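Each chain, letter by letter, is given below.
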There are 6 protein chains.
Amino acid sequence: MPLVYLTRKEHFNAAHKLFNPNWSEEQNAAVFGPCANKNWHGHNYDLRVTVKGEPQAETGFIVDLKALSTVIRRLVIDKLDHKNLNLDVPFLEGKMTSTEVLAVEIWNILAPAVQDLGPCRLHKIELFETERNSVTYYGE
Amino acid sequence: MPLVYLTRKEHFNAAHKLFNPNWSEEQNAAVFGPCANKNWHGHNYDLRVTVKGEPQAETGFIVDLKALSTVIRRLVIDKLDHKNLNLDVPFLEGKMTSTEVLAVEIWNILAPAVQDLGPCRLHKIELFETERNSVTYYGE
Amino acid sequence: MPLVYLTRKEHFNAAHKLFNPNWSEEQNAAVFGPCANKNWHGHNYDLRVTVKGEPQAETGFIVDLKALSTVIRRLVIDKLDHKNLNLDVPFLEGKMTSTEVLAVEIWNILAPAVQDLGPCRLHKIELFETERNSVTYYGE
Amino acid sequence: MPLVYLTRKEHFNAAHKLFNPNWSEEQNAAVFGPCANKNWHGHNYDLRVTVKGEPQAETGFIVDLKALSTVIRRLVIDKLDHKNLNLDVPFLEGKMTSTEVLAVEIWNILAPAVQDLGPCRLHKIELFETERNSVTYYGE
Amino acid sequence: MPLVYLTRKEHFNAAHKLFNPNWSEEQNAAVFGPCANKNWHGHNYDLRVTVKGEPQAETGFIVDLKALSTVIRRLVIDKLDHKNLNLDVPFLEGKMTSTEVLAVEIWNILAPAVQDLGPCRLHKIELFETERNSVTYYGE
Amino acid sequence: MPLVYLTRKEHFNAAHKLFNPNWSEEQNAAVFGPCANKNWHGHNYDLRVTVKGEPQAETGFIVDLKALSTVIRRLVIDKLDHKNLNLDVPFLEGKMTSTEVLAVEIWNILAPAVQDLGPCRLHKIELFETERNSVTYYGE
């Protein structure tokens, strides 16, 4: 049976800053530059979620895309869209809001939820902070 | 010798519907929603074909891109472009026309044809049904 | 007061064919080529709707984007998405489904509806049938 | 002599919220929805600046693109990138930070500066808040 | 009768340099910077050609897109693609190869040819040298 | 500790030709077609560099993106941008300037430099010659 990978793209718009509370403002500015601006900045994030599994004979689907999209929106997009990543998101509390950390946390939320959708597993999280900067995570 | 991956993007425009002939219309509508519309809908599909091999000393190529493009067009694009995937395509007869199934069938056609092009092998088929929905298949 | 133009992009996926019922099949094939395929083909259409008006002091908006998007979806996208443009769309009945005709008909539907949204007017319809082929209409 | 239009695209990442200080929180939430989130959200903005003029015989340029880019960056991008549009930008103080208002204010800053670059004039400001929402302003 | 604008995108890959032969090398380097590199550099150019006219009752077309594409390819793309704009293109001989000049010359070639295609006229040439730098010309 | 992949996109514009000096002009034209044009052609190249590592607790970064971008620009982009790949680039001397060879040579330059940036390693080089033609190399 063929193993096929299915990718769904979603997006969210959020404010954040890169700031380590154990450091002085000077140290934060030195390491993070304008990303440490105390009044925040923001991004249009693109999120690509890839699941893998075998196409079912009756549907040709490895998973119903609408169900996958609904799970991503309910568990991730609704928590992040039009939010401040540092202040408004319980699962990021006390964490740096770098793209790397964000991708790992999104994996941690979606991996069990994808398995509840049927015989498929989460394979990859790809998160674009800008068109030029992105992060990929395979749960390893 | 380095192993390099080369990707060529092609595209085709086609009509299709998602419809299981063993099910009632109601069941099809319940599972596939508007994708089951009996009068069809359609897409601009983007197809990315990746082959792998070692660059040849005399050309710097792992395969001649023009030859690769010609094979993809002759065996895949000419069969799918401006067609109805459910009615007009012999290699999809009796199959669901989901993106998953389509990607697997395109692999099955291109894998032997790529090997005839020289010392390279097919590595990956990536098929975008829309900008937000895509499928990847590695022949496994 | 400044006159500002606001554009919202929506999209729909549809099947269609180019076919003049007053002509023979041969004549249709000669003029429209593969676009006349009797079993249909299809596209992912991108629709860009531009309205113009003066930003309101209290909101900074010329029109509420959410209200504009709702109108476009209700009057246009819901009628065209996952449909057959030749068979399923009352406002295209008896018309050629070229991108040109489609853009003009979308204008005719949206122009009065935009005026109901407040002190703004429809300025432009831009419709992409593919990334390489598009049509623009200003209601003139 | 031909009149040619030259466009340069720049971008900036910023936080903002839509909030009318004369209104209650409830009224703001009712009108602006999630865009009124008190903790801000943000965007990757794309800015396209178009100038017009006649190509100079000695260079073929209507204006030196590097000089144009430098002016846009110095007067606009450096003021907006990695900032909070409501808190950090003198020329937006006391104004709504809608895309409409932002485009008009950018025009007001760039129009005189472009004329200092030589025999060309500012023609158009096009500002994308997201890929799907954009605003155009011609200074009229 | 509605006036509709139809746009076709084509592309070509070419080498060029910006160099005024009446100037010293130093002066060229001072004005054109790295674009004056004596060994050339190059671009993937995107060309968008817009024609205007009234949709014909029998076809819904203002002009046959295939015929338009053929004219653009024969008169423009075939002359520029995989060429050196300064050395290989008769219609650019003795001219600066700035994007501005290139757009004007393409207009001059296509304007009469478009009129031969039927009751339509050339409306606009839009030429992208890079994703961030483009030029528009309306023949005025 | 999670293993995360970070990608940075840069670009350069260059001239080149595909030409084997051990072959006659006829043989070069037969194999490389218009890519062998003796007066060169050119491209806007997009380069995507992927590094892998574990996010650092204090920053959330696997590597400082600004430092990574600086290394790519200093060692690769500055050597290739607005250059002739066959004539101006020491590390390509005597080599075919195919996308395959170019990607391998960029890997060879960046692999040791990335390791100097901290506890991360180069994972992948992805090089687009055009939107439709690209090459990927993993250093194997």
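Residues take numbers from 1 onward in each chain, read along the sequence in its written order. The lettering of chains begins at A and the numbering of ligands begins at 1, in the order of writing. pLDDT decides what is reported in this predicted model: residues at 70 or higher carry local features, side-chain atom pairs at 80 or more are listed and counted, and totals for whole chains, interfaces and linings draw on all residues regardless. Note that water and hydrogens are dropped before the side-chain values are worked out from all heavy atoms of the structure.

Things to note about the overall build of chain A
Secondary structure summary: chain A contains 3 helices and 5 strands in total. Numbering of helices and strands starts at the N terminus; helices are DSSP runs of H or I of at least 4 residues and strands are runs of E of at least 2. Reading chain A from its N terminus to its C terminus gives the helix and strand order β-α-β-α-β-α-β-β. Reported as C-alpha extents along the three principal axes, the dimensions of chain A are approximately 60 × 25 × 25 Å. We call a residue buried when its accessible area falls under 20% of the maximum for its residue type, exposed when it is over 50%, and partly exposed in between, using a 1.4 Å probe and counting protein chains only. Expressed as a percentage of its 140 residues, the buried residues of chain A come to 60%. When the accessible surface of chain A is summed, it comes to about 5700 Å², and 49% of that surface belongs to carbon and sulfur atoms. Methods summary: accessible areas were calculated by the Shrake-Rupley approach with a probe of 1.4 Å, and residue burial reflects only the protein chains presented.

Details of the environment of B:Thr50
All names here are of chain B. Mapped onto the fold, Thr 50 is located in strand β2 (residues 41-53). For the pair Thr 50 and Arg 121, spaced 71 residues apart in sequence, the C-alpha separation works out to 8.8 Å. Note on contacts: a residue pair qualifies if any of its non-hydrogen atoms lie within 4.5 Å across the two residues. Excluding anything up to four places from it in sequence, Thr 50 contacts Tyr 5, Leu 6, Thr 7, Leu 122, His 123 and Lys 124. Polar contacts, as used here, are pairs of N or O atoms within 3.5 Å; protein pairs need one atom able to donate a hydrogen and one able to accept it. Residues neighboring in sequence count only if both atoms are side-chain atoms. In terms of polar contacts, Thr 50 uses its side chain to reach the side chain of Thr 7, at 2.8 Å.

What about the arrangement of the chains?
With respect to C-alpha atoms, chain A approaches chain C no nearer than 15 Å, and the pair has no contact. The two partners chain B and chain E share no contact, and the minimum distance between any of their C-alpha atoms is 15 Å.

Considering helix α2 (residues 65-80) of chain F
Residues and elements named next belong to chain F. Expected span of a helix, by definition, is 1.5 Å for each gap between consecutive residues, and there is one gap fewer than residues. Under the 1.5 Å per step criterion, the end-to-end length of α2 is 21 Å for 16 residues, consistent within 8% with the ideal 22 Å. When the local axis directions of α2 are compared, the greatest deviation, roughly 45°, occurs at Arg 73. Three or more residues of α2 are buried, namely Leu 68, Ser 69, Val 71, Ile 72, Val 76, Ile 77 and Leu 80. Elements in contact with the buried residues of α2: β1 (4-16), β2 (41-53), β3 (83-84) and α3 (99-115). We define the bend at each residue as the angle formed by axes fitted to the 7 residues ending at it and the 7 residues starting at it.

Concerning the pairing of strand β1 (residues 4-16) of chain C
For β1(C), a buried count of 12 out of 13 residues is recorded, marking the element as mostly surrounded by other parts of the structure. Any two strands with at least two DSSP-identified bridges between them are counted as paired. Pairing of β1(C) with strand β2 (residues 41-53) of chain C involves 13 bridges; the strand directions are antiparallel. The residue bridging C:Phe12 from the neighbouring strand is C:Tyr45, located in β2(C). By the bridge criterion, 5 bridges tie β1(C) to strand β5 (residues 133-137) of chain D in an arrangement that is antiparallel. From the neighbouring strand, C:Val4 faces β5(D), where its bridge partner is D:Tyr137.

Here we look at the interface of chain D and chain A
Residue-level contacts link 19 residues of chain D with 19 residues of chain A. Buried area between chain D and chain A, summed over both chains or domains, comes out near 1500 Å², and the portion from carbon and sulfur atoms is 49%. Counting across the chain D and chain A interface gives 15 residue pairs in polar contact (both at pLDDT 80 or more). Residue assignment for the side of chain D that touches chain A shows that the elements contributing at least two residues are β1 (4-16), β2 (41-53) and β3 (83-84) of chain D. In terms of residue count, the dominant contributor to the side of chain D that touches chain A is β2(D) (4 residues). Polarity classes work like this: nonpolar for Ala, Val, Leu, Ile, Met, Phe, Trp, Tyr, Cys and Pro, charged for Asp, Glu, Lys and Arg, and polar for all others, with Gly in that last group. Of the residues in the side of chain D that touches chain A, the class split is 6 nonpolar, 10 polar and 3 charged. Joining two parts hides part of their accessible area as seen by a 1.4 Å probe, and the buried area is that hidden amount summed over both.

Some thoughts on the relation of the copies chain D and chain A
Alignment of the copies relies on least squares applied to C-alpha atoms, considering only residues that score at least 70 for pLDDT in both. Overlaying chain D with chain A gives an RMSD of 0.0 Å, the required rotation being 180° about an axis along which the chain moves by 0.0 Å. This pairing of chains is accounted for by a two-fold axis. Of the interface residues in chain D, 100% have counterparts in chain A that sit at the interface too, so the contact is made through matching surfaces.

Topic: the environment of C:Arg8
Structurally, C:Arg8 is set in strand β1. You can call C:Arg8 buried: its relative accessible area is 11%. Counting along the chain gives 44 residues from C:Arg8 to C:Lys52, while the straight-line C-alpha distance between them is 12 Å. Every residue in contact with C:Arg8, bar those within four places of it in the chain, is listed here: C:Leu47, C:Arg48, C:Val49, C:Leu65, C:Leu68, C:Ser69, C:Ile72, C:Arg73, D:Arg132 and D:Asn133. There is a polar contact of 2.9 Å between the side chain of C:Arg8 and the side chain of C:Glu10.

A closer look at the packing of α2(F) against α3(F)
All names here are of chain F. What counts as an axis is a line fitted to C-alpha atoms, over the stretch in contact for a helix, and the angles between N-to-C directions run from 0 to 180 degrees. At a minimum axis separation of 11 Å, α2 and α3 run at an interaxial angle of 150°. Judged by the inter-axis angle, α2 sits roughly antiparallel to α3. Pair α2 / α3 crosses with right-handed handedness. Contacts from Leu 68, Val 71, Ile 72, Leu 75, Val 76 and Leu 80 in α2 reach Ile 106, Ile 109, Leu 110, Ala 113 and Val 114 in α3. Taken together, the residues that form the contact of α2 with α3 break down as 11 nonpolar, no polar and no charged. Roughly parallel means an angle under 35 degrees; roughly antiparallel, over 145; roughly perpendicular, 65 to 115; everything else is oblique. For a crossing to be left-handed, the near helix must be turned anticlockwise from the far one by less than a right angle; the clockwise case is right-handed.

Concerning the packing of aromatic side chains
When two rings of Phe, Tyr or Trp (its six-membered ring) have centres within 6.5 Å they constitute a pair, described as stacked for plane angles under 30 degrees, edge-to-face for angles over 60, and tilted for the intermediate range. With the rule as written, the count across this model stands at 30 aromatic pairs over all chains. Their ring planes at 85° and their centres at 5.4 Å tell us that C:Tyr5 and D:Tyr138 sit as a pair that is edge-to-face. Residue C:Tyr5 is found in strand β1, and its partner D:Tyr138 is found in the segment after β5; the two belong to separate chains. Given the relative accessible area of 8%, C:Tyr5 is considered buried.

Re the side chain of A:Asn39
By secondary structure assignment, the location of A:Asn39 is in the loop between α1 (25-32) and β2 (41-53). Classification of A:Asn39 as buried rests on a relative accessible area of 17%. For A:Asn39, the side chain forms a polar contact with the side chain of D:Asp88, separated by 2.6 Å. In this structure, A:Asn39 is in contact with D:Ala15, D:Asn84, D:Leu87 and D:Asp88, ignoring residues within four places of it in sequence.

Looking at helix α2 (residues 65-80) of chain B
In this structure, the buried residues of α2(B) make contact with β1 (4-16), β2, β3 (83-84) and α3 (99-115) of chain B. Just beyond α2(B), the residue with positive phi is B:His82, at close to 60°.

Section: the pairing of β2(D)
All names here are of chain D. Counted residue by residue, β2 has 12 buried out of 13 residues, so it is predominantly covered. The pairing of β2 with strand β4 (residues 120-128) spans 8 bridges and is antiparallel. Residue Lys 52 lies in a different strand from β4, and its bridge partner there is Arg 121.

Regarding the side chain of C:Ser69
All names here are of chain C. Position of Ser 69 relative to the elements: it lies in helix α2 (residues 65-80). Within the structure, the side chain of Ser 69 is placed 2.8 Å from the side chain of Glu 10, a separation counted as a polar contact. If sequence neighbours within four positions are ignored, Ser 69 has contacts with Arg 8 and Glu 10.

What about the pattern of salt bridges?
The term salt bridge refers to a pairing of a side-chain nitrogen on Lys or Arg with a carboxyl oxygen on Asp or Glu at a separation within 4 Å. If you walk through the whole model with that rule in mind, you get 38 salt bridges over all chains. Here B:Lys9 and F:Glu131 are joined by a salt bridge, their closest N and O atoms 2.6 Å apart. Here B:Lys9 is found in strand β1, whereas its partner F:Glu131 is found in the loop between β4 (120-128) and β5 (133-137) on a different chain. Note on F:Glu131: relative accessible area 47%, which makes it partly exposed.

What to know about unusual backbone geometry
One non-glycine residue with positive phi stands out, namely C:Trp40, at about 75°. The topology assignment puts C:Trp40 in the loop between α1 (25-32) and β2.

Some thoughts on the state of the cysteines
Cysteine sulfurs are considered disulfide-paired once they come within 2.5 Å of each other. Evaluation of the coordinates by the stated rule reveals 0 disulfides over all chains. Free cysteine B:Cys120: the closest other cysteine sulfur is in F:Cys35, separated by 18 Å. Overall, the relative accessible area of 2% leaves B:Cys120 in the buried class.

Quick notes on the confidence of the model for chain A
Every residue carries a pLDDT, the predictor's confidence in it, which falls somewhere between 0 and 100. A residue-level look at chain A finds 100% of positions with pLDDT of 70 or above and a mean pLDDT of 97. If you check the scores for this complex, the pTM reads 0.98 and the ipTM reads 0.97.

Regarding the environment of D:Glu54
All names here are of chain D. As for its placement among the helices and strands, Glu 54 is situated in the loop between β2 and α2 (65-80). Look at Glu 54 and you get partly exposed, because its relative accessible area is 36%. Counting along the chain gives 52 residues from Glu 54 to Pro 2, while the straight-line C-alpha distance between them is 5.8 Å. Ignoring sequence-local partners within four residues, the contact set of Glu 54 consists of Met 1, Pro 2, Phe 61 and Ile 62.

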